[in-house]
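Residue-level structural notes
Given next are the chains, with one letter for each unit.
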Amino acid sequence: MEDRDDLQLVIYSAFGHNYDRYDPEVGAHEMFKLCNPAAYDGFIVQGNRTWPPIKRQMFVDRACALGKPVVSINYDLDGAYYVGTDNYQAMYDLVSQVLRDRGCTNTLFVNGLASSVEAQDRMRGYIDACKDQGIADPRTHQANWQIEEGIALAEQLLQHPEDLPQVAFCCNDDLAVGMQETLLAGGVRVPDDIMITGFDNREIGLRTPPRITTVDRDYAAIGQTAIRTLERVMAGEEVPKRVMSPVRLVLSGSCGYADAYDEKIMRDVYTMDNTLKHFYQVLSRFQSSVLTAESLEEILRDCEDYAPAIQCPNVYLSINDSYLRVDADKSAQTYGPISHLMAVGGERDLGERNQEHIYASYATEQLLPPGVGLDKPVYVALPLRHNKSCIGLVVTEGVSPVMRRGFLTFFLTLLSGSIESVQKKQLLEAANSRLDNLYVHDKLTGLFNRFGLDRFGGIAYDHMLRDFGQAYLTFLDIDGMKGINDRYGHEAGDSAILDTADIVRRATAGENAFVMRYGGDEFLVISRNDLIPRFEQELALLKETALRPYDLGLSMGVFVSRRESCLSLAEAITCADVRMYAAKRANKTK
């Protein structure tokens, strides 16, 4: 691909852990919604055990509806061309070879995931090969794909050695290694007491001598075949619906053959070891940095600083707009229509970010902002998620050794967990701030209430005495409040309270005063100046401009507390309250 200038490959990949369970709105499966079929000429779908067949089929149906050809690797999907392994024939050939060479009659097949078509084909190949070799009723055991399933079966066999078969054909290398390691630890000899085979020829087969006998299917060749097949279909050529990639039997020590030396696997193991050492060192530093980050901005800066460790020319990190806008008790379980490019690491200079650390905002289905441009032969898109939260998307230019060996999984897991932790913390702080704001403010007027007085009133009072030597405490009380409520109703009473609150706000504008609804129809203002003339002016203006069924009147009393008097806030409030009631009595006699 690196040498092609007539073909561009965009790989959408994700890390999932579901097997038989499927929720279309959770985690990794959202990857299928990120890819916009209209933007591409054709598709290759790589099936594996984490992607439910129904989800893959839904994507194929979308592509076919647009007239776009689809190649499916290793899994049959309606409407798609198949490229991959003939699992039936490969298992048939392996079983036949071992049975012929070793003369075994007591066999056992350890199956993979029951719902997997690959597993079903391999079991059929085993059964037919056994029958063709004269074994009428070959034994099978239903397991899963994991090494733990092989361990569990081996432990059962150790408890019942009479059930030990001569040869155990495992559906993959993980099952085979789990069985072999456990049986060897229990004193069972391999291959003298039992022979074991696997499937896939993965590095794990080298873990415990003797080496696992297995089936090698060249995944790189399968991928290349899939690309060539898709190109031929797009060019209008006649292409078979099923294209099989050749396999190779690896006959090794676990079945009594001489251990095969596989130069490709040994080279891969060596490369993986060196890559892992370097990447682990960088990952440790990255971990220390992001786990102590206090904000999303800090994490984004860390991503740009450590992006070269991924060994791609450029790495782009976009955040799902929906994720940035959820509340603390919710999660963004889908990718919204808008994404924000918020971190870029590598060679490309995209200029300055805005105040929100955003280089550009764009439609999520575009993969990257138009200003970046897709001008490289290979891109890899990796959804960034944490549990059910769809955080964003990481896009790399090309595929590096770090990515080939799967080490990027650790980086993305650490990154997503750190972002989620910081985001939840900030959302929680914002929620607490809103709750705290409601706690200290009066619900009707929005002014401070008694809790606000306890928290902030004393601070304002002390500040004015310290900086100005005096503080004016003004009490305001609505005249005839009971009459307003009785004659016009409580809605009119609330309106009178709101009018008074507006008068107080306008009169204290620019004064840095403490303003509160003291209770009922009473208001308290702590200021550095005498504001009664302003209150009277604003009251007169309201009466001139606002049509009200009631005549709003205010009784006001002001007390000046001076620094040398050493009065507490409570004492000063009492003095202002006394003066207000004196003014109220005077108003009643008018």
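Each remark here, short or long, concerns the structure printed above.
So, a few notes on the structure that sits alongside this text. (Residues numbered from 1 in each chain as written. Predicted model: local features only at pLDDT ≥ 70, side-chain atom pairs only at ≥ 80, totals over all residues. Heavy atoms only, no water.)

Section: the packing of aromatic side chains
- The tally for this structure, following the rule as stated, stands at 12 aromatic pairs.
- Ring geometry for Phe 109 and Tyr 126: centres 5.0 Å apart, planes at 20°, overall stacked. Placement of the pair is Phe 109 in strand S5 (residues 107-111) and Tyr 126 in helix H4 (residues 117-132), with a sequence separation of 17 residues.
- Judged by relative accessible area, which is 0%, Phe 109 ranks as buried.
- Exposure remark for Tyr 126: the relative accessible area of 0% places this residue in the buried category.
- On the numbers, 5.0 Å between centres and 15° between planes, the contact of Phe 448 with Phe 514 is stacked. One end of the pair, Phe 448, is in the loop between helix H12 (408-440) and helix H13 (450-468); the other, Phe 514, is in strand S18 (residues 514-519), and 66 residues separate them in sequence. (Phe/Tyr/Trp six-rings, centres within 6.5 Å; stacked < 30°, edge-to-face > 60°. Helix = DSSP H or I, 4+ residues; strand = E, 2+ residues; numbered from the N terminus. Buried < 20%, exposed > 50% of the residue type's maximum accessible area, 1.4 Å probe, protein only.)

Let's talk about the sheet that holds S5
- Strand order in this open sheet of four strands is S6-S5-S7-S8, and the pairing throughout is parallel. The sheet is open, and its two borders are formed by strand S6 (139-142) and strand S8 (195-197), each paired with just one other strand. On average, each strand axis in the sheet is inclined to that of its neighbour by 20°, with strand direction left out of account.
- In the sheet, strand S7 (residues 167-170) pairs with S8 via three bridges, with the strands oriented parallel. By the bridge assignment, Val 167 is partnered in S8 with Met 195.
- Contacts from H4 reach S5, S6 and S7 within the one sheet, and its direction differs from that of S5 by about 170°. (Pairing = 2+ DSSP bridges. Axes fitted to C-alpha atoms, helices over the stretch in contact; angles between N-to-C directions. Contact = heavy atoms within 4.5 Å.)

Focus on the sheet that holds strand S3 (residues 70-73)
- Within the open sheet, the four strands sit side by side as S2-S3-S4-S10. Their pairing is parallel. Here the strands that pair on one side only, and so sit at the sheet edges, are strand S2 (43-46) and strand S10 (242-244). Direction aside, neighbouring strands of the sheet carry axes that sit 20° apart on average.
- Pairing of strand S4 (residues 81-84) with S10 involves three bridges; the strand directions are parallel. Across the sheet, residue Gly 84 finds its bridge partner in S10, namely Met 244.
- Packed onto the sheet, helix H7 (residues 219-234) meets S2, S3, S4 and S10 and runs at close to 155° relative to S4.

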